[in-house]
Structure formats: structure tokens, C-alpha cells
Amino acid sequence: MKIGLFDSGLGGLTVVREVKRQLPEASIEFFGDNGRNPYGPRPREEIVRFSRQILDFLAEKGIDLAIIACNTATAAALSEVQGAYPFPVLGVIEPGARAALAVSKNRRIGVIATQFTIESGAYTLTLQSLDPEVQVLGQACPLFTPLVEQGKTSGPEVEAAAREYLTTFQGSGIDTLVLGCTHYPLLLDVIRQHLDPGINIVDPAEATVAQAKSLLKTKVAAPAAVPPTYRFYTSGDPELFARLGSNILGCPLEHVERVTFPT
Ligand code: DGL
């Protein structure tokens, strides 16, 4: 069983981490578009084009299922690419929205995400299609992804950005916050410190991988014939990717290759 995943950069490794936890027998092909990060400020057409290039690349690896491990690319491209490949393509937004509704008691949900994801309204539309009563408060956090890409997950710059963005939710009455960008779970400690106590924090990765697992259940049931392999590709610097990525996954990244596409 082989799962392909991609993101604009390192954030998607938070979804890889979850695949390793829930599907330890699965092989992984991961593409990080670090060379073109961030996607958040880009126009939809560009994000769709990048997503197609990467999915075409992953398709050649013989994957059984793809996960768009990026909320921004899910918001921009999922509806365009679903059905275009001989394997299922999952996004992170609908599973994230369902997971948030499952824990929210008062139906007031906050979402932090990139500029594109917030402006697209993808979370608000998905949450409201699942529960028309829900109230959604979104906040774009454009500095978070570049900080994570530089390996900064704590310290004064992260603190200052978190303070600025998360004041939106103080006294807002939300009982649940969705981490609507796969880079943000890497900032969890700082994010938590700037929220009112008791707010549920939802990382869509867990529900997304659970959905993948149920789609792959016939393959999950079969005993793994060979040990899983993990291959990583980046359009950025492979050494930096391997160094920061190994901190996220908690193990050395042995196969990291540089792959680029025409822009
Ligand atoms: N990790 C991404 C997401 O989930 C994208 C961050 C970015 O490139 O702006 O939205």
C-alpha cells in the first residue's frame, strides 16, 4: 500500500506523521514544494497548476491514494483534481470540519489558516453545509508558514505573530479552533498559550488519515509483504528539508531528492 502526499512545504509532514501512526504498514511518497512556498498569497489558478504537476508526479510512483496535505491546495484544487486520477484524492478540509463539529458544543468555531484558505471561505462553506447553525470566525496567519519553513517554531517572532493573530478569538465565545494549515500543528504550544483555556484544538490530519484508512481497508487487511518505504521530494533545499523534516517526524529522512517543475 502506497500513499502519496504533498504540501507547499514542511507542514505536510504533520500529516505524514499521522499516516505513520495510523497506517504504519503504508509506504509514503511525499512532495514538499518548498521552492515555491508559501502558497497562501498565490492566486487560485497557480495553486491548481502546481497541484496538478505534483499529482501527476506522484501518480507515476504507483500510489493507491493521494492526500492533499495542504489546506490551501485543498481549497483551491480539490474539486478540480478529484476524479482525474486512477486513485482517490483526499483533502484535509472536510475531515477537519467534521472533526471540529464533533467536538464543538456551542457551534462557534474558529479557523486559523492561510490568506487563500480564509478568503476562499472553504471552511465556512464546508462547516455550514454540514451544520447550517454553525458560526465561523476565521483569521489568516500569513507569517506562521514562513516562520515554520525557517525552522522557527518558538521564540520571540513566533510569540509576536501568535499574539497578533489570536487576539481575534479572545472573548469571541468559540469553543473550538481548527488548525486550518498543516504547518500550524508545529506551533501548537505557542498557539495554545494565546487562547482562552478550555478551547478544543482540532488538527484535521487525524480525521483525514482515518478517512484514508477506511478507503484503503481491503489493503490494510492484507499483511504487508515488504517493509514500508518513505521517499521525500522537495523543490527546495534537500539538506534543509532533511534536517527540519527529521525533527518533525522524529527519525532521519533517508531518501530526500530535489525535484522541480517548470513554473
Ligand atoms: N501548509 C499549507 C496549508 O495547509 C500551506 C501554507 C502555505 O504555503 O501558505 O494551507
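Residues numbered from 1 in each chain as written. Predicted model: local features only at pLDDT ≥ 70, side-chain atom pairs only at ≥ 80, totals over all residues. Heavy atoms only, no water.

A. The arrangement of the overall build of the protein chain in detail. Within the protein chain one finds twelve helices and ten strands. For 263 residues, the compact-globule estimate of 2.2 N^0.38 gives 18 Å, and the protein chain sits close to it at 17 Å. Oriented by its inertia axes, the alpha-carbon framework of the protein chain measures out at about 50 × 40 × 35 Å. Here the protein chain holds 263 residues, and the buried ones make up 53% of them. Summarising the internal contacts of the protein chain: among those between residues at least 6 apart in sequence, 77% fall at separations of at least 24. Accessible area of the protein chain: about 11300 Å², with a carbon and sulfur share of 50%. With 23 positive and 28 negative side-chain charges, the protein chain shows a spacing of 3 Å between the two charge centroids. (Helix = DSSP H or I, 4+ residues; strand = E, 2+ residues; numbered from the N terminus. Rg over C-alpha atoms; globule rule 2.2 N^0.38 Å. Buried < 20%, exposed > 50% of the residue type's maximum accessible area, 1.4 Å probe, protein only. Contact = heavy atoms within 4.5 Å. Areas by Shrake-Rupley, 256 points an atom, 1.4 Å probe, with all protein chains shown as cover. Lys, Arg positive; Asp, Glu negative; His and termini not counted. Charge placed at Lys NZ, Arg CZ, Asp CG, Glu CD.)

B. Spatial organisation of the sheet that holds strand S2 (residues 27-32). With respect to topology, six strands assemble into an open sheet ordered S4-S3-S1-S2-S9-S10, the strand pairing being parallel. Each edge of the open sheet carries a strand with a single partner, namely strand S4 (89-90) and strand S10 (255-258). Where strand S1 (residues 2-7) lies against S2, six bridges are found, and the strand directions are parallel. In the strand pairing of S2, Phe6 is matched with Phe31. This element, helix H3 (residues 71-81), spans S1, strand S3 (65-68) and S4 of the sheet and lies at about 145 degrees to S3. (Pairing = 2+ DSSP bridges. Axes fitted to C-alpha atoms, helices over the stretch in contact; angles between N-to-C directions.)

C. Region of interest: the site of the ligand. Near the ligand there are 14 residues, and of these Ser8, Tyr39, Asn71, Thr72 and His183 occur at the shortest range. At 2.6 Å, a side-chain N or O of Ser8 approaches an oxygen atom of the ligand. In the environment of the ligand, an oxygen atom lies 2.7 Å from a nitrogen or oxygen atom belonging to the backbone of Asn71. Summarising the interface, the protein chains cover 99% of the accessible area of the ligand, which totals 300 Å² for the free molecule. (Near = heavy atom within 4 Å. Polar contact = N/O pair within 3.5 Å; in protein donor to acceptor, adjacent residues only side chain to side chain.)

D. Region of interest: the pattern of salt bridges. Tallied over the full model, the rule gives nine salt bridges. Of the charged contacts in the structure, one is a salt bridge between Arg21 and Glu18, with a shortest N-O distance of 2.6 Å. One end of the pair is Arg21 and the other is Glu18, both in helix H1 (residues 13-22) and three residues apart, which spans about a single turn. Overall, the relative accessible area of 11% leaves Glu18 in the buried class. Two residues, Arg231 and Glu29, come together in a salt bridge whose shortest N-O distance is 4.0 Å. Of this pair, Arg231 sits in strand S9 (residues 230-234) while Glu29 sits in strand S2, placing them 202 residues apart in sequence. Connected through salt bridges with shared partners, the residues Lys2, Glu29 and Arg231 form a single ionic network. (Salt bridge = Lys/Arg side-chain N within 4 Å of Asp/Glu carboxyl O.)

E. Molecular detail of the packing of helix H4 (residues 93-103) against helix H6 (residues 122-130). Contact pair H4 / H6: the axes reach a minimum separation of 9 Å and the direction vectors enclose 55 degrees. One finds that H4 runs oblique with respect to H6. Pair H4 / H6 crosses with right-handed handedness. Of H6, the residues touching H4 (which contributes Ile93, Glu94, Gly96, Ala97, Arg98 and Leu101) are Ala122, Tyr123, Thr126, Leu127 and Leu130. (Parallel < 35°, antiparallel > 145°, perpendicular 65-115°, else oblique. Left-handed = near helix turned anticlockwise from the far one by under 90°.)

F. Molecular detail of helix H2 (residues 44-59). Helix length check: H2, at 16 residues, gives a terminal C-alpha distance of 22 Å against a target of 22 Å (1.5 Å per residue), a fit within 8%. Along H2, the positions that sit buried rather than exposed are Ile47, Val48, Phe50, Ser51, Gln53, Ile54, Leu55, Phe57 and Leu58. (Expected span 1.5 Å × (residues − 1).)

G. Representation of the nonpolar core in the model. Counting residues in hydrophobic clusters, the biggest one holds 48 residues, and the most contacted among them are Leu5, Ile112, Phe144 and Ile191. Counting residues per element, this core draws most heavily on helix H8 (residues 156-166), at five residues. Apart from the residues lying within four places of it in its own chain, the contact partners of Ile191 are Ile112, Phe144, Leu166, Leu177, Leu179 and Tyr184. (Core = buried A, V, L, I, M, F, W, Y, C linked by side-chain atoms within 4.5 Å.)

H. Spotlight on the pairing of S2. In terms of burial, S2 is largely enclosed, as six of its six residues are buried. A two-sided burial pattern is seen for S2, the buried positions comprising Ser27, Glu29 and Phe31 on one face and Ile28, Phe30 and Gly32 on the other. In terms of handedness, the path from S1 via H1 over to S2 forms a crossover that is right-handed. (Right-handed = clockwise from strand over helix to strand, strands pointing away.)

I. Expanded view of the sheet that holds strand S6 (residues 135-140). Read from one edge of the open sheet, four strands run S6-S5-S7-S8, paired in parallel fashion. Each end of this open sheet is capped by a strand with a single partner; those strands are S6 and strand S8 (200-202). Here the average twist between neighbouring strands, direction ignored, is 20 degrees. In this sheet, strand S7 (residues 176-179) lies alongside strand S5 (residues 108-113) in parallel orientation, the contact comprising four bridges.

By themselves these figures say nothing about function.
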